[in-house]
Amino acid sequence: MIPDMNFFEIILYRTTNADVTLGALLKFFFVLSLSVVAARIFTIYLRRSLQDRVSKDVTEAVIKLLYYGAMGVVFISILPLIGLDPSGLLLAGGVAGIVIGFASQNIVGNLVSGFFLMIERPIKIGDQVEVNGISGYVSDIRIISTLVRTYDGLLVRIPNEQVFTTNITNLVGHPVRRFEYTVGIRYSDDADEAIRLIKYLIDKEPFALQNPSPSVFVNELGDNSVNISVRVWAPVSEWFDLKTRILWTIKKTLEENGIEVPFPQRVLHFTGDSERVNENVEELLAESEG
Amino acid sequence: MYGYHDLPVDVEEEGISISMEKLGEQWVYRRKFGDEEVEKLILGDDKCLIINPVEPLNTPKEITPNLLIEFEKTLLIGAGEKKQVFLTFPVEIGIFISGKTKKNLEILDVLSLVGQKFTLYGEVSNGVVCKYWKSRVYTAPPDLNPLQEGVLELTLRNSSSEWAKISKVVFSAYGMKLYYDGGVFMKARMDILNRNSAETSFEALPSNGDRQGSLFKSRKEAFGVYGIRKLGLVPLKFYMGWGL
(Lines give C-alpha, C1' and ligand atoms only; values in the text may rest on other atoms or scores of the structure.)
Protein backbone atom coordinates (compact mmCIF):
# COMPACT_ATOMS: atom_id res chain seq x y z
CA MET A 1 0.00 0.00 0.00
CA ILE A 2 1.25 3.41 -0.93
CA PRO A 3 0.30 5.88 1.75
CA ASP A 4 -1.87 8.81 0.61
CA MET A 5 0.78 11.57 0.73
CA ASN A 6 0.58 15.18 -0.29
CA PHE A 7 4.11 16.40 -0.95
CA PHE A 8 3.10 20.00 -0.39
CA GLU A 9 2.02 19.12 3.13
CA ILE A 10 5.39 17.68 4.12
CA ILE A 11 6.64 19.58 7.11
CA LEU A 12 10.21 20.74 6.54
CA TYR A 13 10.87 22.45 9.87
CA ARG A 14 9.09 23.94 12.81
CA THR A 15 9.40 27.42 14.21
CA THR A 16 7.78 28.94 17.28
CA ASN A 17 5.14 30.48 15.03
CA ALA A 18 4.22 27.70 12.61
CA ASP A 19 5.13 24.51 10.84
CA VAL A 20 6.74 25.29 7.48
CA THR A 21 5.61 22.94 4.75
CA LEU A 22 7.17 22.31 1.36
CA GLY A 23 4.15 23.97 -0.26
CA ALA A 24 4.58 27.12 1.85
CA LEU A 25 8.29 27.27 1.02
CA LEU A 26 7.57 26.86 -2.70
CA LYS A 27 4.85 29.48 -2.42
CA PHE A 28 7.34 31.82 -0.74
CA PHE A 29 9.86 31.46 -3.58
CA PHE A 30 7.13 31.62 -6.24
CA VAL A 31 5.70 34.91 -4.89
CA LEU A 32 9.21 36.32 -4.47
CA SER A 33 10.18 35.38 -8.06
CA LEU A 34 6.92 36.74 -9.43
CA SER A 35 7.47 40.01 -7.55
CA VAL A 36 11.01 40.29 -8.94
CA VAL A 37 9.72 39.77 -12.50
CA ALA A 38 6.84 42.23 -11.99
CA ALA A 39 9.16 44.82 -10.43
CA ARG A 40 11.65 44.43 -13.31
CA ILE A 41 8.87 44.93 -15.90
CA PHE A 42 7.66 47.97 -13.98
CA THR A 43 11.19 49.46 -13.87
CA ILE A 44 11.61 48.97 -17.63
CA TYR A 45 8.30 50.76 -18.21
CA LEU A 46 9.27 53.52 -15.78
CA ARG A 47 12.73 53.97 -17.37
CA ARG A 48 11.13 54.38 -20.82
CA SER A 49 8.51 56.84 -19.66
CA LEU A 50 10.97 58.97 -17.66
CA GLN A 51 13.87 58.99 -20.12
CA ASP A 52 12.88 62.22 -21.91
CA ARG A 53 11.59 64.00 -18.84
CA VAL A 54 14.13 63.47 -16.09
CA SER A 55 17.91 63.13 -16.14
CA LYS A 56 19.37 59.61 -16.23
CA ASP A 57 20.81 59.85 -12.70
CA VAL A 58 17.48 60.84 -11.24
CA THR A 59 15.65 58.15 -13.21
CA GLU A 60 18.01 55.48 -11.92
CA ALA A 61 17.71 56.72 -8.34
CA VAL A 62 13.91 56.77 -8.49
CA ILE A 63 13.81 53.33 -10.09
CA LYS A 64 16.16 51.81 -7.51
CA LEU A 65 14.21 53.36 -4.66
CA LEU A 66 10.90 52.02 -5.96
CA TYR A 67 12.36 48.62 -6.85
CA TYR A 68 13.96 47.95 -3.49
CA GLY A 69 11.05 49.54 -1.62
CA ALA A 70 8.54 47.26 -3.38
CA MET A 71 10.74 44.20 -2.90
CA GLY A 72 11.11 45.02 0.80
CA VAL A 73 7.33 45.27 1.27
CA VAL A 74 6.76 41.97 -0.57
CA PHE A 75 9.52 40.21 1.35
CA ILE A 76 8.18 41.29 4.73
CA SER A 77 4.60 40.36 3.85
CA ILE A 78 5.53 36.80 2.78
CA LEU A 79 7.82 36.10 5.76
CA PRO A 80 5.00 34.18 7.62
CA LEU A 81 5.15 31.57 4.82
CA ILE A 82 8.61 30.52 6.02
CA GLY A 83 7.63 30.69 9.66
CA LEU A 84 8.97 34.09 10.55
CA ASP A 85 6.84 36.67 12.28
CA PRO A 86 7.40 40.10 10.73
CA SER A 87 5.65 41.92 13.59
CA GLY A 88 8.85 41.84 15.65
CA LEU A 89 10.74 43.08 12.63
CA LEU A 90 8.15 45.78 12.07
CA LEU A 91 8.34 46.83 15.72
CA ALA A 92 12.12 46.97 15.54
CA GLY A 93 11.86 48.68 12.17
CA GLY A 94 9.37 51.18 13.61
CA VAL A 95 11.67 52.12 16.45
CA ALA A 96 14.64 52.27 14.10
CA GLY A 97 12.53 54.29 11.70
CA ILE A 98 11.78 56.91 14.34
CA VAL A 99 15.46 57.14 15.29
CA ILE A 100 16.58 57.29 11.65
CA GLY A 101 13.74 59.70 10.86
CA PHE A 102 14.91 62.19 13.47
CA ALA A 103 18.50 61.80 12.37
CA SER A 104 17.76 62.17 8.70
CA GLN A 105 14.90 64.65 8.56
CA ASN A 106 16.94 66.99 6.36
CA ILE A 107 17.68 64.18 3.93
CA VAL A 108 14.03 63.19 3.83
CA GLY A 109 13.05 66.84 3.36
CA ASN A 110 15.44 67.13 0.42
CA LEU A 111 14.18 63.85 -0.99
CA VAL A 112 10.54 64.93 -0.82
CA SER A 113 11.45 68.34 -2.29
CA GLY A 114 13.34 66.52 -5.07
CA PHE A 115 10.20 64.56 -5.92
CA PHE A 116 8.09 67.73 -5.99
CA LEU A 117 10.70 69.49 -8.16
CA MET A 118 10.43 66.64 -10.63
CA ILE A 119 6.65 66.84 -10.67
CA GLU A 120 6.29 70.65 -10.77
CA ARG A 121 9.36 71.16 -12.97
CA PRO A 122 9.97 74.88 -12.38
CA ILE A 123 13.48 74.33 -13.77
CA LYS A 124 14.98 71.92 -16.28
CA ILE A 125 18.52 70.75 -16.94
CA GLY A 126 20.25 73.42 -19.06
CA ASP A 127 18.06 76.31 -17.84
CA GLN A 128 19.70 79.51 -16.63
CA VAL A 129 18.43 80.15 -13.13
CA GLU A 130 18.92 82.24 -10.04
CA VAL A 131 18.31 80.30 -6.83
CA ASN A 132 19.12 81.60 -3.39
CA GLY A 133 21.49 84.22 -4.80
CA ILE A 134 23.29 81.68 -7.02
CA SER A 135 23.09 82.26 -10.77
CA GLY A 136 24.09 79.83 -13.49
CA TYR A 137 23.09 76.86 -15.61
CA VAL A 138 21.27 73.88 -14.07
CA SER A 139 23.62 71.00 -14.78
CA ASP A 140 21.67 68.27 -12.97
CA ILE A 141 18.60 67.76 -10.82
CA ARG A 142 19.28 64.88 -8.45
CA ILE A 143 17.10 63.21 -5.90
CA ILE A 144 18.61 65.10 -2.93
CA SER A 145 20.24 68.14 -4.54
CA THR A 146 20.39 70.33 -7.63
CA LEU A 147 23.70 71.12 -9.29
CA VAL A 148 24.24 74.60 -10.74
CA ARG A 149 27.22 75.61 -12.86
CA THR A 150 27.80 79.29 -12.19
CA TYR A 151 28.70 81.67 -15.03
CA ASP A 152 32.33 81.66 -13.85
CA GLY A 153 32.48 77.86 -14.05
CA LEU A 154 32.00 76.84 -10.41
CA LEU A 155 29.85 73.87 -9.49
CA VAL A 156 27.38 74.65 -6.70
CA ARG A 157 25.31 71.94 -5.03
CA ILE A 158 22.04 73.28 -3.64
CA PRO A 159 19.93 71.00 -1.42
CA ASN A 160 16.53 70.43 -3.04
CA GLU A 161 14.69 71.70 0.03
CA GLN A 162 16.32 75.10 -0.49
CA VAL A 163 15.54 75.06 -4.20
CA PHE A 164 11.94 74.17 -3.53
CA THR A 165 11.27 76.61 -0.70
CA THR A 166 13.08 79.72 -2.02
CA ASN A 167 12.28 81.95 -4.99
CA ILE A 168 13.52 80.52 -8.26
CA THR A 169 14.09 82.92 -11.15
CA ASN A 170 14.22 81.00 -14.40
CA LEU A 171 15.97 83.35 -16.83
CA VAL A 172 15.01 81.25 -19.86
CA GLY A 173 11.53 80.26 -18.76
CA HIS A 174 9.91 82.30 -21.54
CA PRO A 175 10.88 82.36 -25.22
CA VAL A 176 11.75 86.07 -25.25
CA ARG A 177 13.25 88.58 -22.84
CA ARG A 178 13.65 92.36 -22.68
CA PHE A 179 16.61 94.55 -21.85
CA GLU A 180 16.81 98.27 -21.28
CA TYR A 181 19.39 101.04 -21.62
CA THR A 182 19.31 104.67 -20.67
CA VAL A 183 21.17 106.84 -23.18
CA GLY A 184 21.85 110.42 -22.07
CA ILE A 185 22.33 113.19 -24.67
CA ARG A 186 23.14 116.91 -24.31
CA TYR A 187 20.31 119.40 -23.91
CA SER A 188 21.54 121.09 -27.07
CA ASP A 189 21.20 117.87 -29.13
CA ASP A 190 18.14 116.94 -31.17
CA ALA A 191 16.40 114.17 -29.21
CA ASP A 192 14.12 113.32 -32.17
CA GLU A 193 17.16 112.69 -34.35
CA ALA A 194 18.77 110.57 -31.61
CA ILE A 195 15.59 108.49 -31.32
CA ARG A 196 15.46 108.06 -35.11
CA LEU A 197 19.08 106.86 -35.20
CA ILE A 198 18.61 104.43 -32.30
CA LYS A 199 15.43 103.02 -33.89
CA TYR A 200 17.28 102.56 -37.19
CA LEU A 201 20.09 100.65 -35.44
CA ILE A 202 17.63 98.40 -33.63
CA ASP A 203 15.76 97.77 -36.87
CA LYS A 204 19.00 96.55 -38.50
CA GLU A 205 19.57 93.99 -35.73
CA PRO A 206 17.98 90.66 -36.72
CA PHE A 207 17.53 89.47 -33.15
CA ALA A 208 15.89 92.68 -31.92
CA LEU A 209 12.34 91.42 -32.25
CA GLN A 210 9.80 93.05 -34.53
CA ASN A 211 7.08 92.08 -32.08
CA PRO A 212 6.96 92.86 -29.14
CA SER A 213 8.19 96.04 -30.75
CA PRO A 214 11.13 97.97 -29.31
CA SER A 215 10.41 101.30 -27.64
CA VAL A 216 12.68 104.34 -27.68
CA PHE A 217 11.52 107.51 -25.94
CA VAL A 218 12.66 110.49 -23.84
CA ASN A 219 12.17 109.25 -20.31
CA GLU A 220 13.68 111.96 -18.16
CA LEU A 221 15.07 115.48 -18.25
CA GLY A 222 18.04 114.75 -16.02
CA ASP A 223 20.53 117.00 -14.20
CA ASN A 224 23.15 116.66 -16.91
CA SER A 225 21.40 115.10 -19.87
CA VAL A 226 18.18 114.32 -21.65
CA ASN A 227 17.71 110.61 -20.88
CA ILE A 228 16.39 108.38 -23.63
CA SER A 229 15.06 104.94 -22.65
CA VAL A 230 15.72 102.11 -25.08
CA ARG A 231 13.77 98.89 -24.54
CA VAL A 232 14.40 95.91 -26.79
CA TRP A 233 12.97 92.37 -26.80
CA ALA A 234 15.13 89.48 -27.97
CA PRO A 235 14.94 85.66 -28.09
CA VAL A 236 16.31 84.31 -24.78
CA SER A 237 19.11 82.49 -26.59
CA GLU A 238 20.37 85.75 -28.15
CA TRP A 239 19.47 88.20 -25.39
CA PHE A 240 22.90 88.55 -23.80
CA ASP A 241 24.85 88.83 -27.09
CA LEU A 242 22.50 91.51 -28.36
CA LYS A 243 22.54 93.43 -25.10
CA THR A 244 26.32 93.55 -24.99
CA ARG A 245 26.67 94.49 -28.66
CA ILE A 246 24.08 97.15 -29.29
CA LEU A 247 24.93 99.77 -26.62
CA TRP A 248 28.38 100.57 -28.00
CA THR A 249 26.97 100.72 -31.54
CA ILE A 250 24.41 103.28 -30.35
CA LYS A 251 27.12 105.39 -28.68
CA LYS A 252 29.35 105.37 -31.79
CA THR A 253 26.50 106.13 -34.19
CA LEU A 254 25.23 109.02 -32.09
CA GLU A 255 28.71 110.53 -31.90
CA GLU A 256 29.22 110.12 -35.65
CA ASN A 257 26.08 112.19 -36.08
CA GLY A 258 27.16 114.97 -33.73
CA ILE A 259 25.10 113.82 -30.76
CA GLU A 260 27.19 113.39 -27.64
CA VAL A 261 26.78 111.69 -24.30
CA PRO A 262 27.55 114.57 -21.88
CA PHE A 263 29.77 114.55 -18.80
CA PRO A 264 28.20 115.60 -15.49
CA GLN A 265 28.16 119.42 -15.40
CA ARG A 266 27.05 122.39 -13.30
CA VAL A 267 26.04 125.83 -14.55
CA LEU A 268 27.00 128.55 -12.05
CA HIS A 269 25.39 132.00 -12.02
CA PHE A 270 27.26 134.82 -10.26
CA THR A 271 25.49 137.98 -9.28
CA GLY A 272 26.93 141.43 -8.36
CA ASP A 273 30.02 143.32 -9.50
CA SER A 274 31.40 141.69 -12.67
CA GLU A 275 35.02 142.59 -11.86
CA ARG A 276 34.81 140.96 -8.43
CA VAL A 277 33.14 137.93 -10.05
CA ASN A 278 36.08 137.61 -12.46
CA GLU A 279 38.51 137.88 -9.56
CA ASN A 280 36.61 135.19 -7.66
CA VAL A 281 36.58 132.88 -10.67
CA GLU A 282 40.32 133.39 -11.17
CA GLU A 283 40.91 132.61 -7.49
CA LEU A 284 38.80 129.46 -7.74
CA LEU A 285 40.67 128.35 -10.87
CA ALA A 286 44.05 129.03 -9.21
CA GLU A 287 42.96 126.99 -6.17
CA SER A 288 41.79 124.08 -8.29
CA GLU A 289 45.07 124.11 -10.29
CA GLY A 290 47.18 124.45 -7.13
CA MET B 1 23.50 80.24 -60.20
CA TYR B 2 21.02 77.55 -59.10
CA GLY B 3 21.59 74.00 -60.22
CA TYR B 4 24.19 71.23 -60.32
CA HIS B 5 27.83 72.19 -60.90
CA ASP B 6 30.59 69.74 -61.76
CA LEU B 7 33.99 70.48 -60.21
CA PRO B 8 35.98 72.66 -60.54
CA VAL B 9 33.43 75.44 -60.30
CA ASP B 10 33.59 79.23 -60.28
CA VAL B 11 30.32 81.18 -60.17
CA GLU B 12 29.80 84.90 -59.67
CA GLU B 13 26.47 86.70 -59.45
CA GLU B 14 25.12 89.73 -57.58
CA GLY B 15 28.31 90.17 -55.58
CA ILE B 16 28.44 86.51 -54.53
CA SER B 17 31.49 84.56 -55.59
CA ILE B 18 31.44 80.78 -55.14
CA SER B 19 34.34 78.62 -56.21
CA MET B 20 35.67 75.14 -55.63
CA GLU B 21 39.10 74.24 -56.94
CA LYS B 22 41.62 71.49 -56.46
CA LEU B 23 44.60 72.30 -54.27
CA GLY B 24 46.95 69.34 -54.15
CA GLU B 25 44.98 66.32 -53.01
CA GLN B 26 42.03 68.25 -51.64
CA TRP B 27 39.29 70.55 -52.85
CA VAL B 28 38.92 74.06 -51.50
CA TYR B 29 35.49 75.65 -51.26
CA ARG B 30 35.50 79.45 -51.14
CA ARG B 31 32.59 81.81 -50.87
CA LYS B 32 32.76 85.60 -50.73
CA PHE B 33 29.90 88.00 -50.23
CA GLY B 34 30.61 91.53 -49.06
CA ASP B 35 32.93 91.32 -46.06
CA GLU B 36 31.92 87.73 -45.41
CA GLU B 37 34.34 84.99 -46.47
CA VAL B 38 33.95 81.25 -45.98
CA GLU B 39 36.61 78.65 -46.80
CA LYS B 40 36.33 74.89 -46.34
CA LEU B 41 38.43 71.89 -47.33
CA ILE B 42 36.88 68.80 -48.89
CA LEU B 43 38.64 65.47 -49.17
CA GLY B 44 37.93 63.00 -51.95
CA ASP B 45 37.12 63.18 -55.65
CA ASP B 46 34.06 62.70 -57.83
CA LYS B 47 32.06 65.31 -56.03
CA CYS B 48 29.49 67.77 -57.31
CA LEU B 49 28.26 71.10 -55.98
CA ILE B 50 24.55 71.81 -55.77
CA ILE B 51 23.35 75.38 -55.32
CA ASN B 52 19.67 75.84 -54.68
CA PRO B 53 17.26 77.90 -52.58
CA VAL B 54 16.68 76.56 -49.06
CA GLU B 55 14.26 77.26 -46.23
CA PRO B 56 14.78 80.88 -45.08
CA LEU B 57 15.54 79.90 -41.50
CA ASN B 58 19.28 79.23 -41.37
CA THR B 59 20.84 82.69 -41.31
CA PRO B 60 22.16 84.60 -39.40
CA LYS B 61 21.67 81.70 -36.99
CA GLU B 62 19.17 78.88 -36.87
CA ILE B 63 17.10 79.62 -33.78
CA THR B 64 13.61 78.68 -34.92
CA PRO B 65 11.93 76.43 -37.49
CA ASN B 66 9.02 78.85 -37.97
CA LEU B 67 8.48 81.55 -40.58
CA LEU B 68 5.95 84.34 -40.06
CA ILE B 69 4.86 86.36 -43.09
CA GLU B 70 3.02 89.55 -42.25
CA PHE B 71 0.72 90.97 -44.92
CA GLU B 72 1.12 94.63 -45.85
CA LYS B 73 -2.67 94.96 -45.86
CA THR B 74 -5.18 92.90 -43.91
CA LEU B 75 -7.12 90.37 -45.96
CA LEU B 76 -10.75 89.52 -45.39
CA ILE B 77 -12.29 86.28 -46.58
CA GLY B 78 -15.94 85.29 -46.32
CA ALA B 79 -17.34 82.22 -44.60
CA GLY B 80 -16.88 78.98 -46.54
CA GLU B 81 -14.81 80.65 -49.28
CA LYS B 82 -11.63 79.39 -50.90
CA LYS B 83 -9.26 81.88 -52.55
CA GLN B 84 -5.74 81.88 -53.86
CA VAL B 85 -3.21 84.69 -53.31
CA PHE B 86 0.49 85.13 -53.94
CA LEU B 87 2.98 86.30 -51.33
CA THR B 88 6.72 86.76 -51.29
CA PHE B 89 9.15 85.03 -48.95
CA PRO B 90 12.87 85.54 -48.28
CA VAL B 91 15.23 83.17 -50.04
CA GLU B 92 18.39 81.70 -48.59
CA ILE B 93 20.95 80.17 -50.91
CA GLY B 94 22.13 76.73 -49.86
CA ILE B 95 25.34 75.17 -51.17
CA PHE B 96 25.52 71.38 -50.87
CA ILE B 97 28.24 68.90 -51.65
CA SER B 98 27.34 65.47 -52.94
CA GLY B 99 28.77 62.45 -54.68
CA LYS B 100 28.17 61.95 -58.38
CA THR B 101 25.05 59.94 -57.60
CA LYS B 102 23.49 63.08 -56.05
CA LYS B 103 22.79 61.08 -52.95
CA ASN B 104 24.10 61.57 -49.44
CA LEU B 105 24.16 65.37 -49.51
CA GLU B 106 25.87 67.55 -46.96
CA ILE B 107 25.30 71.26 -46.48
CA LEU B 108 28.45 73.34 -47.02
CA ASP B 109 27.18 76.86 -46.65
CA VAL B 110 24.05 79.02 -46.49
CA LEU B 111 23.82 82.73 -47.24
CA SER B 112 21.16 85.33 -47.62
CA LEU B 113 21.04 88.57 -49.57
CA VAL B 114 18.04 90.01 -47.78
CA GLY B 115 17.61 91.67 -44.38
CA GLN B 116 16.90 89.37 -41.47
CA LYS B 117 14.45 89.90 -38.68
CA PHE B 118 12.79 87.78 -36.01
CA THR B 119 9.51 88.20 -34.22
CA LEU B 120 7.33 86.57 -31.59
CA TYR B 121 4.06 84.91 -32.51
CA GLY B 122 1.82 84.66 -29.46
CA GLU B 123 2.31 85.67 -25.86
CA VAL B 124 5.60 86.48 -24.12
CA SER B 125 5.01 83.59 -21.73
CA ASN B 126 4.28 80.84 -24.25
CA GLY B 127 4.58 82.17 -27.82
CA VAL B 128 7.00 81.01 -30.48
CA VAL B 129 9.92 82.91 -31.99
CA CYS B 130 9.61 83.10 -35.78
CA LYS B 131 11.67 84.42 -38.67
CA TYR B 132 9.88 87.58 -39.85
CA TRP B 133 9.04 88.72 -43.36
CA LYS B 134 6.65 91.37 -44.63
CA SER B 135 4.95 90.80 -47.95
CA ARG B 136 2.50 92.46 -50.27
CA VAL B 137 -0.48 90.33 -51.25
CA TYR B 138 -0.61 89.70 -55.00
CA THR B 139 -3.35 88.23 -57.12
CA ALA B 140 -0.84 87.03 -59.75
CA PRO B 141 2.72 85.77 -59.26
CA PRO B 142 5.10 88.78 -59.15
CA ASP B 143 8.48 88.94 -60.89
CA LEU B 144 11.20 88.75 -58.26
CA ASN B 145 14.94 88.39 -57.97
CA PRO B 146 15.30 84.61 -57.36
CA LEU B 147 18.42 85.11 -55.25
CA GLN B 148 16.47 87.30 -52.85
CA GLU B 149 12.78 86.46 -52.87
CA GLY B 150 10.47 83.65 -53.85
CA VAL B 151 6.78 83.40 -54.71
CA LEU B 152 4.45 81.63 -52.31
CA GLU B 153 1.15 80.45 -53.73
CA LEU B 154 -1.20 80.41 -50.77
CA THR B 155 -4.63 78.82 -50.87
CA LEU B 156 -6.91 80.20 -48.18
CA ARG B 157 -9.86 78.09 -47.10
CA ASN B 158 -12.28 79.62 -44.63
CA SER B 159 -14.10 76.65 -43.20
CA SER B 160 -15.66 78.71 -40.39
CA SER B 161 -19.11 80.25 -40.46
CA GLU B 162 -17.93 83.86 -40.18
CA TRP B 163 -15.69 86.35 -41.94
CA ALA B 164 -11.99 86.00 -41.21
CA LYS B 165 -9.44 88.83 -41.04
CA ILE B 166 -5.92 87.68 -41.88
CA SER B 167 -2.83 89.80 -41.35
CA LYS B 168 -0.19 87.09 -41.04
CA VAL B 169 0.57 83.47 -41.71
CA VAL B 170 3.02 81.20 -39.86
CA PHE B 171 4.65 78.08 -41.33
CA SER B 172 6.81 75.30 -39.98
CA ALA B 173 10.02 74.73 -41.95
CA TYR B 174 9.76 70.97 -41.50
CA GLY B 175 7.15 70.72 -44.21
CA MET B 176 8.58 73.33 -46.61
CA LYS B 177 9.02 72.28 -50.21
CA LEU B 178 10.84 74.73 -52.46
CA TYR B 179 10.94 74.61 -56.26
CA TYR B 180 13.16 76.60 -58.58
CA ASP B 181 13.84 77.30 -62.21
CA GLY B 182 14.39 80.95 -63.04
CA GLY B 183 12.35 81.84 -59.95
CA VAL B 184 11.81 80.26 -56.54
CA PHE B 185 8.41 78.92 -55.55
CA MET B 186 6.44 77.32 -52.76
CA LYS B 187 2.84 76.22 -52.53
CA ALA B 188 1.00 76.28 -49.24
CA ARG B 189 -2.46 76.25 -47.76
CA MET B 190 -4.07 77.93 -44.81
CA ASP B 191 -7.18 76.34 -43.36
CA ILE B 192 -9.00 78.93 -41.30
CA LEU B 193 -10.75 77.17 -38.43
CA ASN B 194 -12.30 80.21 -36.77
CA ARG B 195 -11.67 83.94 -36.21
CA ASN B 196 -8.49 83.31 -34.23
CA SER B 197 -7.02 80.05 -35.39
CA ALA B 198 -5.87 78.34 -38.54
CA GLU B 199 -3.68 75.49 -39.68
CA THR B 200 -0.99 75.93 -42.29
CA SER B 201 0.90 73.37 -44.33
CA PHE B 202 2.90 73.06 -47.53
CA GLU B 203 1.80 71.17 -50.57
CA ALA B 204 4.06 68.96 -52.65
CA LEU B 205 3.70 69.18 -56.39
CA PRO B 206 2.83 66.24 -58.57
CA SER B 207 5.63 64.89 -60.75
CA ASN B 208 6.66 67.02 -63.78
CA GLY B 209 4.42 65.28 -66.30
CA ASP B 210 1.26 65.71 -64.27
CA ARG B 211 1.63 69.40 -63.45
CA GLN B 212 -1.24 71.60 -64.61
CA GLY B 213 -0.43 74.96 -62.96
CA SER B 214 1.72 77.22 -65.14
CA LEU B 215 3.65 78.50 -62.12
CA PHE B 216 5.13 75.13 -61.31
CA LYS B 217 5.59 73.65 -64.78
CA SER B 218 9.12 72.26 -65.20
CA ARG B 219 10.26 73.38 -61.76
CA LYS B 220 12.94 71.39 -59.95
CA GLU B 221 12.49 70.48 -56.33
CA ALA B 222 15.19 72.03 -54.15
CA PHE B 223 17.08 70.16 -51.47
CA GLY B 224 16.26 71.75 -48.13
CA VAL B 225 18.46 71.99 -45.06
CA TYR B 226 15.57 70.63 -43.00
CA GLY B 227 14.71 68.16 -45.75
CA ILE B 228 18.06 66.32 -45.71
CA ARG B 229 18.01 65.85 -41.95
CA LYS B 230 16.96 62.50 -40.65
CA LEU B 231 13.97 63.71 -38.72
CA GLY B 232 11.76 61.67 -36.50
CA LEU B 233 8.12 62.45 -36.01
CA VAL B 234 7.92 66.23 -36.28
CA PRO B 235 4.71 68.09 -37.04
CA LEU B 236 4.73 69.32 -40.65
CA LYS B 237 1.73 71.57 -40.06
CA PHE B 238 1.64 74.71 -37.95
CA TYR B 239 -1.34 75.47 -35.77
CA MET B 240 -1.92 79.21 -35.52
CA GLY B 241 -3.66 79.56 -32.19
CA TRP B 242 -2.72 83.12 -31.27
CA GLY B 243 -4.62 85.03 -33.91
CA LEU B 244 -4.53 85.49 -37.68
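Residues numbered from 1 in each chain as written. Chains lettered and ligands numbered in written order. Predicted model: local features only at pLDDT ≥ 70, side-chain atom pairs only at ≥ 80, totals over all residues. Heavy atoms only, no water.

Right, let's talk about a nonpolar patch on the surface for a bit. Residues and elements named next belong to chain A. A surface patch of nonpolar side chains, amounting to about 440 Å² of accessible area, comprises Val108, Val112, Phe116, Ile119 and Phe164. Tallying contributions element by element places helix H4 (residues 105–120) first for the nonpolar patch, with four residues. With respect to the helices and strands, phenylalanine 164 occurs in helix H5 (residues 160–165). (Patch = residues over 30% accessible without salt bridge, like charges linked within 9 Å, V, L, I, M, F, W, Y side chains within 5 Å. Areas by Shrake-Rupley, 256 points an atom, 1.4 Å probe, with all protein chains shown as cover. Salt bridge = Lys/Arg side-chain N within 4 Å of Asp/Glu carboxyl O. Helix = DSSP H or I, 4+ residues; strand = E, 2+ residues; numbered from the N terminus.)

This structure, assessed with the given rule, holds 20 salt bridges over all chains. Glu255(A) is paired through a salt bridge with Lys251(A); the nearest N and O atoms lie 3.1 Å apart. Of this pair, Glu255(A) and Lys251(A) both sit in helix H7 (residues 239–256), four residues apart, which is roughly one turn of the helix. Across the pair Glu36(B) and Arg31(B) runs a salt bridge, and its minimum N-O distance is 2.9 Å. Of the residues examined, Glu36(B) reaches a relative accessible area of 42% and is grouped as partly exposed. (Buried < 20%, exposed > 50% of the residue type's maximum accessible area, 1.4 Å probe, protein only.)

Per-residue confidence for chain A averages 83 on the pLDDT scale, and 93% of its residues sit at or above 70. Averaged over each element, pLDDT in chain A is lowest for helix H3 (residues 86–103) of chain A (73) and highest for strand S10 (residues 226–235) of chain A (93). (pLDDT = per-residue confidence, 0-100.)

This part takes up empty space enclosed by the protein. Residue and element names in this part refer to chain B. Counted according to the given criterion, the structure contains one cavity of 30 Å³ or more. If you trace the largest cavity, you find it lined by Pro56, Pro90, Glu92, Ser112, Val114, Gly115, Gln116, Lys117, Lys131, Tyr132 and Trp133. Here the element with the most residues in the lining of the largest cavity is strand S12 (residues 128–135); it accounts for three residues. Grouping the constituent residues of the lining of the largest cavity by class yields five nonpolar, three polar and three charged. (1 Å grid on protein atoms, 1.4 Å probe; cavity = no way out; pocket = protein on both sides within 12 Å on 5 of 7 lines; lining within 4 Å. Points joined across faces, edges and corners; volume = space filled by probe spheres on them. Nonpolar A, V, L, I, M, F, W, Y, C, P; charged D, E, K, R; others polar.)

Right, let's talk about the packing of aromatic side chains for a bit. Throughout the structure, instances matching the rule amount to 13 aromatic pairs over all chains. Pairing Tyr2(B) with Tyr180(B) gives two aromatic rings, centres 5.7 Å apart and planes at 65 degrees, and the pair type is edge-to-face. Of this pair, Tyr2(B) sits in the segment before strand S1 (3–6) while Tyr180(B) sits in strand S15 (residues 179–181); the two residues are 178 residues apart in sequence, bridging distant segments of the chain. Classification of Tyr180(B) by relative accessible area gives buried; the value is 4%. A connected cluster of aromatic rings, assembled from ring pairs, spans Phe179(A), Tyr181(A), Trp239(A) and Phe240(A). Arg177(A) extends its terminal NZ or CZ atom over the ring of Trp239(A), reaching a point 3.6 Å from the ring centre. (Phe/Tyr/Trp six-rings, centres within 6.5 Å; stacked < 30°, edge-to-face > 60°. Lys NZ or Arg CZ within 6 Å of the ring centre and 35° of its normal.)

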